[in-house]
Amino acid sequence: MTSFIQETLAKIPGVDPRVMQRSQFFSGMNDGPASTAARLAGLVQEAHAKDDSPIYTSNFGQPIPDPAHCLNIGGIPYQGDALMLEKQQAFDRSKILERIVHPCGSSAFGYFQITNDVSHLTKAAFLQPGKKTPAYTRFSTVTYGREFPDSARNPRGFATKFYTEEGNYDLVGLNFPVFFVRDPMMGPDNIRSQQRNPKNFLIDYNAWFDFLANVPESQHAGLMLLSDHATPVGWRFMSGYGVHTFRWVNKEGKSVFIKYHWRSKQGVKQFTEDEAVKMCGEDPDYAKRDLWEHIEKGGDARWTMLVQVMTPEEAKSVSFDPFDPTKIWPRSQFPMKEVGELILNRNPEDYHRDVEQAAFSPGSLVPGIEASPDPLLQWRMFFYRDAQYHRLGSTNIHQIPVNCPFMANYHNKLPTTTGTPGFVPEAAETPMQVGDNILGSPSEYDQVRELYKRVLSNGERERLHRNTAKLLKLADAIVQKNYLVQLYAVDPQYAIEIFDLLPSHSPLPTGKDYTIQEIAEGSKNAHMAGKNPQFVSNKAEGRRFMGMPVGY
């Protein structure tokens, strides 16, 4: 009876004669990227989606007769054995290029639900009252390799893709509210300083601290890197930040500047240095395993999205550059406003397809969300997409299910009568005048000093000192001295505490090749380390923001 039905249906024009490949979903033989993405996001429930065929086959459907023997001539493998060749060729190509940054990570699918009305601030469709949007989040460490322990000391990536009706929106951030640099020219230098030495492939603490010693604006992120903040207990117990300043535009064309925050509803937990080192040895995949197993058991992970809001008028008068990613916005001046909740409750089906090939870019924006004059953001909007095109070997990365804009309305429109696509004028960016100089405030240290002296507890400060000394002792003396100069500029006690913890290895009375007095003297010009005066804003000439002079 079944064969009769299939033969009958095959003769009816317009009826798909294919059998459903229910046990080979990895091959994607039934669904295009949009259908697969809808299943991954939980919008479509299928009765069966497991790779559990009762027969081993090649990638192209041919049954494999035997698992342990290839065709041979007198015991010598025969090069005409197509099944053996395909198996080996597939194995040889089973890994793609590793990400230059954020190579080690894992992901989950879920949704984003609006909990507070922000429609007066932005026209973005997915941020309107009552909206629920499919979402995907990838967590990661930043600088070391794909298989490096995920509990090690490192910043963490927190990247979320919203599958909105106006296209995909990528919010690509960190578990730090600040970054190490503000000028894109220094971006590769920062990452390389925390990667392995190209000569011997060892972790290079000379490079770590030499970079921090010569980039004054990096001290805020540098302090966080050496604190417990850089060793969170897995992905679930850390908060996230958009880092950059973005621009929200409402339906009337009025705009505000905003900063994103993700607050973990699981709470925040952090390993001490000793606990993190122990976990790296016991379970190098702890963060990945924790999220996966929690969701597999029916749990979910949740974060509240909050934003800080600054009007253009307020941006003219603040004492810091609001577009500097090395600075925060004080919450006392710009309080947090709740927007919605991110719920992650579905694991990926295929790590290679759904995690390794996931591609994010800060340039994936939707109407109502625009870039600010943040120079690093402007550059990331280019190079993230460029890096993904290179890594995945194609500009067709939107055809990979996890990257597919499967909820976009514009792909569902009826054909035009003329055959020529139309445009959406209301999606155009709102004009904005920018200044000719958006360099930061003269002080690189005020916010770091506030973090060190007021925000950190006594115990957190003590662990910061020990963590720093433990790694700084592995750097050369000149690097130690220059880094301590930066810390002295933040707060003298910060430098002194670490100076006292460093081991003795010099005939000088201090036991070191430098004195605290030399460090104190050097701190007077610490803010000019690594800087060319020709390219530093002249205080006498004033600063300009959005075309108007702004005084320091």
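See the structure shown above.
In what follows, the accompanying structure is described. Bear in mind the structure is a predicted one, so any value in this text is a computation, not a measurement. (Residues numbered from 1 in each chain as written. Predicted model: local features only at pLDDT ≥ 70, side-chain atom pairs only at ≥ 80, totals over all residues. Heavy atoms only, no water.)

1. Let's talk about the packing of aromatic side chains
For step 1, the next point in the chain: Evaluated as defined, the whole model comprises 29 aromatic pairs.
For step 2, the next point in the chain: Consider the rings of Trp-329 and Phe-334, whose centres lie 5.6 Å apart with planes at 55°: the pair is tilted.
For step 3, the next point in the chain: Judged by relative accessible area, Trp-329 falls into the buried class, the value being 2%.
For step 4, the next point in the chain: Of the residues examined, Phe-334 reaches a relative accessible area of 3% and is grouped as buried.
For step 5, the next point in the chain: Members of the aromatic cluster, joined through ring pairs, are Phe-112, Phe-126, Phe-139, Phe-158, Phe-162, Tyr-169, Trp-235, Trp-262 and Trp-303. (Phe/Tyr/Trp six-rings, centres within 6.5 Å; stacked < 30°, edge-to-face > 60°. Buried < 20%, exposed > 50% of the residue type's maximum accessible area, 1.4 Å probe, protein only.)

2. Notes on helix H15 (residues 492-501)
For step 1, the next point in the chain: All buried positions along H15 are accounted for by Tyr-494, Ala-495, Ile-498 and Phe-499. Angular distribution of buried residues about the axis of H15 spans 125°; they occupy a single face of the element.
For step 2, the next point in the chain: Close packing links the buried residues of H15 with helix H6 (219-225), helix H12 (446-455), helix H13 (458-472), helix H14 (477-490) and helix H16 (516-522).
For step 3, the next point in the chain: Capping of H15 at its N-terminal end is provided by Asp-491; its side-chain oxygen lies 3.1 Å from the backbone amide nitrogen of Gln-493. (Helix = DSSP H or I, 4+ residues; strand = E, 2+ residues; numbered from the N terminus. Arc of directions from axis to C-beta. Contact = heavy atoms within 4.5 Å. Polar contact = N/O pair within 3.5 Å; in protein donor to acceptor, adjacent residues only side chain to side chain.)

3. Considering the pattern of salt bridges
Opposite charge on two side chains permits them to pair, given that their charged atoms come into close proximity.
For step 1, the next point in the chain: The tally for this structure, following the rule as stated, stands at 30 salt bridges.
For step 2, the next point in the chain: For Lys-265, the salt bridge goes to Glu-341, with nearest N and O atoms at 3.0 Å. One end of the pair, Lys-265, is in the loop between strand S9 (255-264) and helix H7 (273-282); the other, Glu-341, is in strand S11 (residues 336-346), and 76 residues separate them in sequence.
For step 3, the next point in the chain: Judged by relative accessible area, which is 13%, Glu-341 ranks as buried.
For step 4, the next point in the chain: Among the ionic pairs, Asp-300 bridges to Arg-302, the shortest N-O distance being 3.0 Å.
For step 5, the next point in the chain: Each of the salt bridges in this network shares a partner with another, and the network as a whole consists of Arg-39, Glu-349, Arg-353 and Asp-354. (Salt bridge = Lys/Arg side-chain N within 4 Å of Asp/Glu carboxyl O.)

4. Thoughts on the side chain of Arg-138
For step 1, the next point in the chain: Along the chain, the position of Arg-138 falls in strand S4 (residues 132-141).
For step 2, the next point in the chain: Among buried charged residues, Arg-138 stands out as having no salt bridge; its nearest opposite-charge side chain is Glu-356, 4.7 Å away.
For step 3, the next point in the chain: There is a polar contact of 2.9 Å between the side chain of Arg-138 and the backbone oxygen of His-102.
For step 4, the next point in the chain: Within polar-contact distance, the side chain of Arg-138 engages the backbone oxygen of Pro-103 at 3.3 Å.
For step 5, the next point in the chain: Ignoring anything within four residues of it in the chain, the contact list for Arg-138 reads Arg-99, His-102, Pro-103, Cys-104, Gly-105, Ser-106, Ser-107, Gly-157, Phe-158, Ala-159, Val-355 and Phe-360. (Lys, Arg positive; Asp, Glu negative; His and termini not counted.)

5. Thoughts on the nonpolar core
For step 1, the next point in the chain: Residues Phe-180, Phe-209, Tyr-483, Leu-484 and Tyr-494 are the most contacted members of the largest nonpolar core, which totals 56 residues.
For step 2, the next point in the chain: Counting residues per element, the ones that place at least two in this core are helix H5 (205-213), H6, H12, H13, H14, H15 and H16.
For step 3, the next point in the chain: Among the elements that line this core, the one with the most residues is H14, at nine residues.
For step 4, the next point in the chain: Membership of the second largest hydrophobic core comes to 37 residues, among which are Val-118, Ala-135, Leu-291 and Met-305. (Core = buried A, V, L, I, M, F, W, Y, C linked by side-chain atoms within 4.5 Å.)

6. Focus: unusual backbone geometry
For step 1, the next point in the chain: Although it is not a glycine, His-102 sits at a positive phi angle of roughly 60°.
For step 2, the next point in the chain: Tracing the backbone through its elements, the reader meets His-102 in the loop between helix H3 (82-92) and strand S3 (105-114).
For step 3, the next point in the chain: One non-glycine residue, Phe-201, lies in the positive phi region at around 60°.
For step 4, the next point in the chain: Checked against the element boundaries, Phe-201 lands in the loop between helix H4 (187-193) and H5.
For step 5, the next point in the chain: On the basis of relative accessible area, Phe-201 is assigned to the exposed category, the value being 58%.

7. A look at the pairing of strand S5 (residues 156-164)
For step 1, the next point in the chain: Of all nine residues making up S5, nine are buried, and the element is well covered by its neighbours.
For step 2, the next point in the chain: Because side chains alternate across S5, one face comprises the buried residues Arg-156, Phe-158, Thr-160, Phe-162 and Thr-164, and the other comprises Gly-157, Ala-159, Lys-161 and Tyr-163, equally buried.
For step 3, the next point in the chain: Two elements, S4 and S5, share seven bridges in a ladder whose sense is antiparallel. Within S5, the residue paired with Ala-135 across the bridge is Phe-162.
For step 4, the next point in the chain: By the bridge criterion, eight bridges tie S5 to strand S6 (residues 167-174) in an arrangement that is antiparallel. (Pairing = 2+ DSSP bridges.)

8. What to know about the packing of H5 against H14
For step 1, the next point in the chain: Interhelical geometry of H5 versus H14 gives an angle of 40° and a closest axis separation of 8 Å. When the axis of H5 is compared with that of H14, the two are oblique. Of the two elements, H5 crosses H14, and the hand of that crossing is left-handed. In this structure, H5 uses Asn-206, Phe-209, Asp-210, Leu-212 and Ala-213 to contact H14, whose residues at the interface are Val-479, Asn-482, Tyr-483 and Gln-486.
For step 2, the next point in the chain: Per-class residue counts for the contact of H5 with H14 are five nonpolar, three polar and one charged. (Axes fitted to C-alpha atoms, helices over the stretch in contact; angles between N-to-C directions. Parallel < 35°, antiparallel > 145°, perpendicular 65-115°, else oblique. Left-handed = near helix turned anticlockwise from the far one by under 90°. Nonpolar A, V, L, I, M, F, W, Y, C, P; charged D, E, K, R; others polar.)

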